[in-house]
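Report on the structure
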Amino acid sequence: MRLDRERCQGHGRCYVLASGVFESDDDGRGMVIAETVPLVYQESARLGSDNCPEDAITVIDD
Amino acid sequence: MATNADDTGPKSENGFDMGDPELNRHPQPGYRMLRDSGPVVRVAGVIPSRASADAHLVGRHADVVTVLRNPDVFSSRFDAVHIGQVRPLIPLQIDPPDHAKYRKLLDPLFAPRRIALLEDRTRALVSDLVEAVADDSGCNFHAAVSEPLPSTVFLELLGLPVSRAAEFIALKDGIIRPSAPTPEERSSMVDDAGARIYAVLQEVLDERLETRQEDFISDFLDAEVDGERLTPEEVIDICYLFFLAGLDTVTASLDCMMARLALHPAERRRLADDPSVIPHAVEEMLRWETPVTAVVRVTTQDTELSGCPIAADEVVSVMLGSANTDERAWDEAASVDIDRRVNKHLAFGGGVHRCLGSHLARMELRVVLEEWHSRIPEYRVPEGVELDYSPSLRQIADLPLVW
């Protein structure tokens, strides 16, 4: 999973909706906790990605 | 090719009809007509103060996103909106790259982890407001809750005297809803209110220069951006924007949401029975109601959107409410589903100028809905009452609820 820090504008949807996968920095921008998402969190990762108003999060299936 | 729509009665400055109360009450069908007319709809002569008085309405989600994400072409600079300011408002009217240095200072203050610290105080304020009317059989929700709550939260945060809230609200309304018959008179009313806001801010700033307090104005005076202090003018230009944004938008959002719930008992009951739905309901009502209907940009160069040419120095009205209900972008765009899980609405705008106060707004909206419904779960709009929404920023100054 990738979060494009240039695109992110700090809407905060990802870490509010999927707190196991994303976290906030001090400015309120999103960060991915781990680029490789454990199986149990995959749905959560997709929820965060689907709710990003800036389309900044890409989930890549392996 | 842009569609002309210059013969359909009075317009608000963003070009969307303001003469029709039904359109303000239910803008969604109007948005649909706008989107179906074309990607860019030119409305002639709505901004008399500009060389080109036309506004270009952009209503489709994909085009709205393009405009918001390209500030170099679609600028948010000084002349995009006239709200009584004499200098660019910070950070709204500063484009990249300077924009980033102000957001670097302001973003942490409004990030969710900082806003969370305000929740207990906000809940106590809401609880007092709700308690004050709970034993009556009804109230004007706008006057009882949606106007006093955000004003108090915001004035405390900024460091302006809460005892003068009524005066500040009147000044803000003088700018956002000037009540005069001609555009010239409205414009002079806006300038007059603006001058008074600058005077109030200067007064408080002078006090803080003497003695700092625990508030944002004091923080701004000591803050450094790239190793440099903000000038007193910069502090005022930040506070002026906050003054207008902080005193109006959450009020409008609360009005829209409580009206929606009062008129839709199934949604209201679901939310009252299960408060865990509230955060999702807030997002869905932000999408559907889009209380701040539009933001404005100015083109910096000749450009085009989905094949429609727009010349340089033209005003573009970015219709957020239309993007949020565009069937091209949303599943079931026209149905309100308070359990909707995928909801990347643009009610707070997007791109570099994403609403700085969005996390504060979300917290206030959620806390009001939680506290109100735990105390007054059953309420409605009295029989026969038609609610009137103000155009552009959708407040309902008279919002009677009975229980």
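Residues numbered from 1 in each chain as written. Chains lettered and ligands numbered in written order. Predicted model: local features only at pLDDT ≥ 70, side-chain atom pairs only at ≥ 80, totals over all residues. Heavy atoms only, no water.

1. A short note on the packing of aromatic side chains
All names here are of chain B. Applying the stated criterion to the full structure yields nine aromatic pairs over all chains. On the basis of an interplanar angle of 80 degrees and a centroid distance of 5.1 Å, the ring pair of Phe141 and Trp372 is categorised as edge-to-face. Note that Phe141 is positioned in helix H7 (residues 141-146) and Trp372 in helix H17 (residues 358-375), a separation of 231 residues in sequence. Exposure remark for Trp372: the relative accessible area of 0% places this residue in the buried category. Between Phe168 and Phe243 the ring centres are 5.5 Å apart and the planes differ by 70 degrees, which places this aromatic pair in the edge-to-face class. (Phe/Tyr/Trp six-rings, centres within 6.5 Å; stacked < 30°, edge-to-face > 60°. Helix = DSSP H or I, 4+ residues; strand = E, 2+ residues; numbered from the N terminus. Buried < 20%, exposed > 50% of the residue type's maximum accessible area, 1.4 Å probe, protein only.)

2. Re unusual backbone geometry
The residue after Ile90(B), namely Pro91(B), is reached through a cis peptide bond having omega 0 degrees. Within the element layout of this structure, Pro91(B) appears in the loop between strand S4 (74-75) and helix H4 (98-110). With omega at 5 degrees, the peptide bond leading from Pro96(B) into Pro97(B) counts as cis. Among the structural elements, Pro97(B) can be located in the loop between S4 and H4. Here the phi dihedral of Asp55(A) falls at roughly 50 degrees; this positive angle occurs in a residue that is not glycine. Looking at where Asp55(A) falls in the secondary structure, it is placed in the loop between helix H2 (42-50) and strand S4 (57-58). Residues other than glycine seldom take positive phi values, yet Asp313(B) does so here, at roughly 65 degrees.

3. Observations concerning the interface of chain B and chain A
Contacts between the two partners involve 22 residues from chain B, matched on the other side by 21 residues from chain A. Counting the surface lost from both chain B and chain A, the interface buries some 1,700 Å², and carbon and sulfur atoms represent 42% of this. The largest contributions to the chain B side of the interface with chain A come from Arg69(B), Arg113(B) and Lys344(B), which together make up 31% of the buried area. Our count for the chain B to chain A interface comes out at six salt bridges. We note a salt bridge from Asp55(A) to Arg69(B), for which the minimum N-O separation is 3.0 Å. Here chain B is connected to chain A by 13 residue pairs in polar contact (both at pLDDT 80 or more). Of all the secondary structure elements, the ones that give two or more residues to the side of chain B that touches chain A are H4, helix H5 (112-115), helix H15 (278-289) and H17 of chain B. Here the side of chain B that touches chain A gets three residues from one element, more than from any other, and that element is H4(B). (Contact = heavy atoms within 4.5 Å. Buried area = accessible area lost by both parts, 1.4 Å probe. Salt bridge = Lys/Arg side-chain N within 4 Å of Asp/Glu carboxyl O. Polar contact = N/O pair within 3.5 Å; in protein donor to acceptor, adjacent residues only side chain to side chain.)

4. Considering the confidence of the model for chain B
Residue and element names in this part refer to chain B. Confidence along chain B averages 92 in pLDDT terms, with 95% of residues attaining 70 or more. When the criterion is pLDDT under 50, residues 1-10 qualifies, and its contacts beyond four places in sequence or with other chains add up to 21 contacts. What the predictor reports for the complex is a pTM of 0.94 with an ipTM of 0.96. (pLDDT = per-residue confidence, 0-100.)

5. What to know about the environment of Asp4(A)
All names here are of chain A. Among the secondary structure elements, Asp4 is positioned in the loop between strand S1 (2-3) and helix H1 (13-17). The class for Asp4 is partly exposed, based on a relative accessible area of 32%. Taking the C-alpha atoms as reference points, Asp4 and Val32, separated by 28 residues in sequence, lie 10.0 Å from one another.

6. Let's talk about the pattern of salt bridges
Residues and elements named next belong to chain B. Inspection of every chain in the model, using the stated rule, returns 50 salt bridges over all chains. One salt bridge connects Glu371 with Arg123, and the closest N-O pair in it is separated by 2.8 Å. Here Glu371 is found in helix H17, whereas its partner Arg123 is found in helix H6 (residues 119-134), with 248 residues between them in sequence. We classify Glu371 as buried; its relative accessible area is 18%. A relative accessible area of 22% means that Arg123 is categorised as partly exposed. With a closest N to O distance of 4.0 Å, Arg270 and Asp274 form a salt bridge. For Arg270, a relative accessible area of 33% gives the class partly exposed. A network of salt bridges, in which partner residues are shared, links Arg32, Arg35, Asp36, Asp326, Glu327 and Arg328.

7. Quick word on the side chain of Asp63(B)
All names here are of chain B. Following the sequence through the fold, Asp63 ends up in helix H3 (residues 61-68). One buried charged side chain, Asp63, makes no salt bridge at all; its nearest oppositely charged neighbour is Arg60, positioned 5.1 Å away. Excluding anything up to four places from it in sequence, Asp63 contacts Pro39, Val58, Leu305 and Ser306. (Lys, Arg positive; Asp, Glu negative; His and termini not counted.)

8. Quick word on H3(B)
All names here are of chain B. Taken across its eight residues, H3 has six buried, putting it largely inside the fold. All buried positions along H3 are accounted for by His61, Asp63, Val64, Val65, Val67 and Leu68. On its buried face, H3 sits against strand S3 (55-58), S4, strand S8 (294-299), strand S9 (303-305), strand S11 (315-319) and helix H16 (320-323).

9. Quick notes on the side chain of Asp95(B)
Residues and elements named next belong to chain B. Relative to the helices and strands, Asp95 resides in the loop between S4 and H4. We note that Asp95 is buried and unpaired, the nearest opposite charge coming from Arg297 at a distance of 6.4 Å. A distance of 2.3 Å separates a polar atom in the side chain of Asp95 from a polar atom in the side chain of Ser75. Discounting chain neighbours no more than four positions away, the residues touching Asp95 are Pro71, Ser75, Ser76, Arg77 and His353.

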